[in-house]
Amino acid sequence: PQVMAALPEHALEPVMEGVLRCVAQMPGSHDPTTADSLPCSPFDLFQHMFGLVIHTNQTARFLATNKFLLVRTLPVHSLRVLVECLGEHKATTTTTTTLAGGSDAGCVEGSLLWDTLPRIAEVWSDAEFVKRASIEHKLYVTRALLWTLRRASPSD
């Protein structure tokens, strides 16, 4: 984690993206139920490498909550790892978003993922996005929205 915290700002994006693409190919990334039997799950690896950086570095936080969730299209298993990681991190702001009904079981209230949910929904429902984005990118943002909602679901 200290090595990642020492990365220069311009190196964060390619390194974070490269690690996200690599964890998508790790055993356990395709089937989260098998990840527990591995010495290190894809989620644990990404969390260990970038958890602190995402929490403390504004550029890393922007990359994780905007660029890799809403702009880029990464492998689907990378998206799953990213959503899980963001669900574990407390947001540094004092404002939090609550869903109708106020239930936050399964998703840490005030987490980066919880606070990112309105932005994901905004992008997903934007008429220009619907009109101009590729089918692949629409599917990617739809998955991000659904996995975020699932993480916020009391049934999780």
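From a predicted model like this one, the values you see are computed outputs, not experimental measurements. (Residues numbered from 1 in each chain as written. Predicted model: local features only at pLDDT ≥ 70, side-chain atom pairs only at ≥ 80, totals over all residues. Heavy atoms only, no water.)

Caption draft 1: How the structure looks around the pattern of salt bridges. Scanning the entire structure with this criterion turns up 8 salt bridges. With a closest N to O distance of 3.1 Å, K67 and E13 form a salt bridge. One end of the pair, K67, is in helix 5 (residues 58-71); the other, E13, is in helix 2 (residues 9-23), with 54 residues separating them in the sequence. Between R151 and E84 there is a salt bridge whose closest N-O contact spans 3.7 Å. One end of the pair, R151, is in helix 9 (residues 135-151); the other, E84, is in helix 6 (residues 76-88), with 67 residues separating them in the sequence. By relative accessible area, R151 is classed as buried at 8%. By sharing partners, the salt bridges in this structure join E13, E17, R21, K67 and R72 into a single network. (Salt bridge = Lys/Arg side-chain N within 4 Å of Asp/Glu carboxyl O. Helix = DSSP H or I, 4+ residues; strand = E, 2+ residues; numbered from the N terminus. Buried < 20%, exposed > 50% of the residue type's maximum accessible area, 1.4 Å probe, protein only.)

Caption draft 2: Focus on helix 2. The terminal C-alpha atoms of helix 2 lie 22 Å apart, and with 15 residues this matches the ideal 21 Å at 1.5 Å per residue to within 8%. Within helix 2, the full set of buried residues consists of A11, L12, M16, E17, V19, L20 and V23. Where the residues of helix 2 are buried, they touch helix 1 (2-5), helix 4 (42-56), helix 5 and helix 6. (Expected span 1.5 Å × (residues − 1). Contact = heavy atoms within 4.5 Å.)

Caption draft 3: Quick peek at the side chain of T148. Secondary-structure assignment places T148 in helix 9. Its relative accessible area of 1% is what places T148 among the buried residues. Within the local environment of T148, its side chain forms a polar contact with the backbone oxygen of A144, the two atoms lying 2.6 Å apart. (Polar contact = N/O pair within 3.5 Å; in protein donor to acceptor, adjacent residues only side chain to side chain.)

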